Amino acid sequence: MSRAGWSRSRGARRGARALVTLALVAALGAASSCAAPQQLRLILSGLDSLRTEVDTMKTRDSLAYAMLGETRRELAEQREILLSTRASTGTTTTQVADQMGRLEGKLNEVMGRFTQLSQRTPPPAATPTQGDPNQLYDQANQDLTQGRYALALQGFRDFVRRYPTGELADNAQYGVGECFFAQSRFDSAAVEYGRVESGWPQGDRVPAALYKLGLSRERLGLPDAAKKTFEDLVKRFPNSGEAQLARERLGGTRGR
């Protein structure tokens, strides 16, 4: 969802709440006539608008989905309350006022949940333009560091596809491997780390890619393959920081 769309969504939610609140005031003013159907229809319309906003909101993680599900259930309960009120012919003024007060409290709670949801799932940044590779890479890297692995994976792959000869292409390919490694998908991570060396053999990311390739093979239960990878790293890039880490994995006896 774009920033403009998210702002419109917030405005719609505020509008829905204002409509419901006005309907509640009107209903209380008409309580002497036992909750006139017209006022109740206004309230129902407001709840329906609010429920529509819930259904159309775009969420980006499982917490948001769970919160939306709970909100929908609460809205359904509120609708039942209103329907039962309209169906009851013996409702007194006091009962209507109490019932409307409880309903307004429920709506306030729902709107509080929307506020929490907005804070937890901020709108995604605008898609970088095709002519700005640095912005595309930086956005993907930010998504990776903040745990938005699906978005990071898409961004890094998009970068490699658009700018295969760019200065940051090997870094982006390494980022693809990092997305899988962070999710413990070590088989896919090993494949992507291997592509750093095959695609950019002179790139400065090769030592790091070899080290993470060795770690991935360790996690996959392939100690011999991991050992060979670490030994290759130490032999080819003896002065790199990754080579020192590889020596430690090998027991501190290789390449000294």
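Coordinates for the structure precede this section.
Computed from a prediction, not measured in an experiment: that's the story for all the values here. (Residues numbered from 1 in each chain as written. Predicted model: local features only at pLDDT ≥ 70, side-chain atom pairs only at ≥ 80, totals over all residues. Heavy atoms only, no water.)

The next subject is the overall build of the protein chain. The number of helices and strands found in the protein chain is 11 helices and 0 strands. In sequence order, the secondary structure elements of the protein chain are arranged as α-α-α-α-α-α-α-α-α-α-α. Split into buried and exposed, the 256 residues of the protein chain put 40% on the buried side. Across the protein chain, contacts joining residues at least 24 apart in sequence account for 58% of those joining residues at least 6 apart. Just so you have it, the protein chain exposes about 13900 Å², and 49% of that area is on carbon and sulfur atoms. (Helix = DSSP H or I, 4+ residues; strand = E, 2+ residues; numbered from the N terminus. Buried < 20%, exposed > 50% of the residue type's maximum accessible area, 1.4 Å probe, protein only. Contact = heavy atoms within 4.5 Å. Areas by Shrake-Rupley, 256 points an atom, 1.4 Å probe, with all protein chains shown as cover.)

Taken residue by residue, helix 11 (residues 241-249) has A243, A246 and R247 as its buried positions. All buried residues of helix 11 fall inside an arc of 105° around its axis, so they share one side. Summarising the contacts, the buried residues of helix 11 are in contact with helix 9 (206-219) and helix 10 (223-236). (Arc of directions from axis to C-beta.)

Let us look at the environment of A150. By secondary structure assignment, the location of A150 is in helix 6 (residues 149-162). For A150 and F180, which are 30 residues apart along the polypeptide, the C-alpha to C-alpha distance reads 9.5 Å.

Turning to the packing of helix 9 against helix 11, a few remarks are in order. Between helix 9 and helix 11, whose axes approach to 9 Å, the crossing angle comes to 25°. The angle between helix 9 and helix 11 places the two elements in the roughly parallel class. Here helix 9 runs over helix 11; the crossing is left-handed. Each of P207, A208, Y211, L215, E218 and R219 in helix 9 lies in contact with helix 11, whose residues at this interface are E242, L245, A246 and R249. Tallied by class, residues from the contact of helix 9 with helix 11 come to 6 nonpolar, no polar and 4 charged. (Axes fitted to C-alpha atoms, helices over the stretch in contact; angles between N-to-C directions. Parallel < 35°, antiparallel > 145°, perpendicular 65-115°, else oblique. Left-handed = near helix turned anticlockwise from the far one by under 90°. Nonpolar A, V, L, I, M, F, W, Y, C, P; charged D, E, K, R; others polar.)

Taken as a whole, this structure holds 10 salt bridges when the rule is applied. One salt bridge connects D158 with R161, and the closest N-O pair in it is separated by 2.4 Å. With a gap of 3 residues between them, D158 and R161 both fall in helix 6, about one helical turn apart. Overall, the relative accessible area of 16% leaves D158 in the buried class. For R161, a relative accessible area of 60% puts it in the exposed group. When the shortest N-O distance is used, the salt bridge between R236 and D232 registers 3.4 Å. Of the two residues, R236 and D232 both sit in helix 10, 4 residues apart, roughly one turn of that helix. On the basis of relative accessible area, D232 is assigned to the partly exposed category, the value being 27%. (Salt bridge = Lys/Arg side-chain N within 4 Å of Asp/Glu carboxyl O.)

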